[in-house]
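# Architecture and fold: a report
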Amino acid sequence: MKRKFERKYFFIIFMIVSGFFMFIALGNGFWRESAPYKIDSVEINARLNDQGELLVEELSVYTLSRNNRTATKKLHLSYPSVLNSYSIEVSQGTGVVREISSSPGGFDARIFLEQEVTQFLMTTEYSLSGVVEIGTDIAVLSYRFWEPNSDAMTRDISLSIELPEAIISRITKDDISVRPYKEARVEIEGNSVKLRMKSVLSNASGEIKISFPKNIASTMPNAVSTTVSKSSIRKEHEIAMFQQAFLSGLIGFQIAVPFFVLFFTFILFGVEPQVKSEIGYRIYDVPGYILNAVIRNPFQEVDHNGFLATILEMHNSGEIFIGENSISVKATHNGIPTQQQWALQAIKSLKRNEDGSIEIPDAENNSVSLNEFREHYSLWQKNAMRSVKSGRFYEYLGSTVMSVFSIFYLIIWSMILKFLFGNWQIYLSFPDESLVLSIVLYADWCLGWLLLVVPKRIFARWTPSGRLFYMEWKKSEKDLLSKPSLNNDDLSKLVAMGHLQNLIANRQKVNEQQLSVLRQLQKLELLLDKAKS
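Residues numbered from 1 in each chain as written. Predicted model: local features only at pLDDT ≥ 70, side-chain atom pairs only at ≥ 80, totals over all residues. Heavy atoms only, no water.

### Some thoughts on the overall build of the protein
A tally of regular secondary structure across the protein gives 14 helices and 20 strands. Computed over the C-alpha atoms, the radius of gyration of the protein is 39 Å, more than 25% above the 24 Å expected from 2.2 N^0.38 for a compact globule of 533 residues. Overall, the protein is about 115 × 55 × 35 Å in size when its C-alpha atoms are taken along their principal axes. Burial analysis of the protein (533 residues in total) assigns 48% to the buried set. Pairs at least 24 apart in sequence give 76% of the contacts found in the protein among residues at least 6 apart. (Helix = DSSP H or I, 4+ residues; strand = E, 2+ residues; numbered from the N terminus. Rg over C-alpha atoms; globule rule 2.2 N^0.38 Å. Buried < 20%, exposed > 50% of the residue type's maximum accessible area, 1.4 Å probe, protein only. Contact = heavy atoms within 4.5 Å.)

And the structure:
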């Protein structure tokens, strides 16, 4: 039993640790960042001129690891934006910039740094055309200020776009849309639109769109005609709002459901029924293993005290005789209860003396093999619990409901949600919410595994008859303990309820013959403890 217990809990710990890597370490965008350096902050200052050309200056602060001496800067544009020119500079003495590739679609450059450099400022300047789109019923300035597949994430991006007077005077905050939605704070200050974002992942895409009247863009030679429209921009914004609301609602749902299910399962199936004591309800011929399981170990398994009580009952009925260091067994056993038959088989597995009696070996004797005795005791224990469960003392419906909820909702459903959102890459647009969702799903995952090993009695309860049986026998236990002397039947009941050591210590209540039998049972108890270890 001990080894089985350890394997079960080792498996639970293994699943909890595995869940941490699945939900948090490997399942969220923050932990996928593997660049050998950090981009602490990015400050972008852009100006849209009357020609429709966007002039951009980026100031990026890089922090290097000790073993890394290079950094990169990339810009990959999407249609219809076109790169006109660019330049990259770092502070004198910091390092040198080498161009890897460049085209109208962007550039790729690498910076080789001096050995002593741990942090540096990179200044990137470029001009873009094609950022102003003339659509069917509106004009739009589209600028993707953070490109997917950047080298590293950044915790802070600030953007300022200076617009011509003709545009800035005609727009409000409702004309500005940002992706990711709600990850940015946008303000209009003077002739500029200012934006600030936190926690932008390297694979994310940061884009701002500013809508303004179509006739203003028609005078810009660098503007391009596309199919963009008010309805398409509105639809993109509504989809982003829905995704954000859905993600926030899902987080709340995943937090609330376990609390509601735990609370109502306990209220409906875990609260004990109210019963009144009835005189004469006690049944005095109850087998010792039933008393042991129901009175001493409610909602648990029958233990060795129930086995010893069964042995003592056979001694009282004359089926066996417990002597000094040995047990004599009758040649035939007709009509004895099933549990006594199983207990008798366990006793017979011990070493026999020449006269046919069964020797009770000392627990310190390591030369005695107890494997067969352990197997027979386990069989007796399983059959005893089968009889206890058939007695309808407990209701396990609440425990069953909680086990089903743990497996299908807290464990399987949490894992399905995590893989779905991972495949959809929601974390690219909503990194903070995705991290919170990952933590909540991991908490649900851990709770699901822990609920599978909590004691059944938490979400189980007595049946009315079982509760009454327990109450009456607890009173009977006190009555038996207060008696000045005990008969053999009293001894078997008290042994079943775990009072063997007290009976041996308190010799005034037992005679010499009873004390001798109890001491042999004590030897059997030590033998059982050794067999189970």
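### What to know about the nonpolar core
Judged by nonpolar contacts, the single largest core of 59 residues is most densely connected at Val294, Phe307, Ile311, Phe469, Leu518, Leu521 and Leu524. If you tally residues by element for this core, the top one is helix H14 (residues 512-532), at eight residues. Ignoring anything within four residues of it in the chain, the contact list for Leu518 reads Leu491, Val495, Leu500, Leu503, Ile504 and Val510. (Core = buried A, V, L, I, M, F, W, Y, C linked by side-chain atoms within 4.5 Å.)

### Focus on the packing of helix H6 (residues 304-317) against helix H7 (residues 338-348)
The angle between the axes and the distance between the axes are what describe a pair of packed helices. It is the contact of H6 with H7, at a shortest axis distance of 10 Å, that shows an interaxial angle of 100 degrees. With respect to H7, the element H6 is oriented roughly perpendicular. Together, Phe307, Thr310, Ile311, Glu313 and Met314 of H6 and Gln339, Gln340, Ala343, Leu344, Ala346 and Ile347 of H7 make up the contact between the two elements. Of the residues in the contact of H6 with H7, the class split is seven nonpolar, three polar and one charged. (Axes fitted to C-alpha atoms, helices over the stretch in contact; angles between N-to-C directions. Parallel < 35°, antiparallel > 145°, perpendicular 65-115°, else oblique. Nonpolar A, V, L, I, M, F, W, Y, C, P; charged D, E, K, R; others polar.)

### Focus: the sheet that holds strand S17 (residues 326-329)
Overall, antiparallel pairing links the three strands, which are arranged S16-S17-S18 in an open sheet. In this open sheet, the two edge strands, each paired with only one partner strand, are strand S16 (320-322) and strand S18 (358-359). Of the pairings in the sheet, the one linking S16 to S17 comprises three bridges and is antiparallel in character. Bridge pairing in S17 links Phe321 to Ser328. (Pairing = 2+ DSSP bridges.)

### As for the side chain of Gln340
If you trace the backbone, Gln340 turns up in helix H7. Given a relative accessible area of 11%, Gln340 falls into the buried group. Discounting residues that sit within four places of it in the chain, Gln340 has contacts with Thr310, Glu313 and Met314.

### Considering the side chain of Asn305
Take Asn305: it is sitting in helix H6. Apart from residues no more than four positions distant in its own chain, Asn305 is found in contact with Asn292, Arg296, Val495, Ala496, Gly498 and Glu525.

### Examining the sheet that holds strand S9 (residues 139-146)
Taken in spatial order, the five strands line up as S11-S14-S9-S8-S15 in an open sheet, and their pairing is mixed. Whereas interior strands pair on both sides, the edge strands pair on one side only; in this sheet they are strand S11 (176-179) and strand S15 (224-225). Examined bridge by bridge, S9 and strand S14 (residues 206-212) share seven bridges and lie antiparallel to one another. Note on S14: the bridge partner recorded for Trp146 is Gly206.

### Digging into the packing of aromatic side chains
One pass over the structure, following the stated rule, counts 27 aromatic pairs. Directly above the ring of Tyr396 sits Lys456, whose terminal nitrogen or CZ lies 5.5 Å from the centroid. (Phe/Tyr/Trp six-rings, centres within 6.5 Å; stacked < 30°, edge-to-face > 60°. Lys NZ or Arg CZ within 6 Å of the ring centre and 35° of its normal.)

### Observations concerning unusual backbone geometry
Of note, the amide linkage connecting Tyr79 to Pro80 takes the cis form, showing an omega dihedral of 10 degrees. Along the polypeptide, Pro80 turns up in the loop between strand S3 (70-76) and strand S4 (82-90). With a phi close to 65 degrees, Phe299 is a non-glycine residue in the positive phi region. By the element assignment, Phe299 lies in the loop between helix H5 (288-296) and H6. Take Phe299: its relative accessible area is 11%, and that puts it in the buried class. A positive phi is found at Arg392, a non-glycine position, where the angle reads about 55 degrees. Residue position: Arg392 is located in the loop between helix H8 (371-390) and strand S19 (394-395).

### A closer look at the pairing of strand S5 (residues 95-103)
Note that S5 and strand S6 (residues 106-113) share eight bridges and pair antiparallel. Across the sheet, the residue bridging to Arg98 is Arg110, located in S6.

### Some thoughts on the packing of H5 against H8
Closest axis-to-axis distance for the H5/H8 pair is 10 Å, and the angle between their directions is 75 degrees. Our classification of the angle between H5 and H8 gives roughly perpendicular. Between H5 and H8, the residues in contact are Tyr289, Ile290, Ala293 and Val294 and Trp380, Ala384, Ser387 and Val388, respectively.

No statement about biological role is implied by the geometric values presented.
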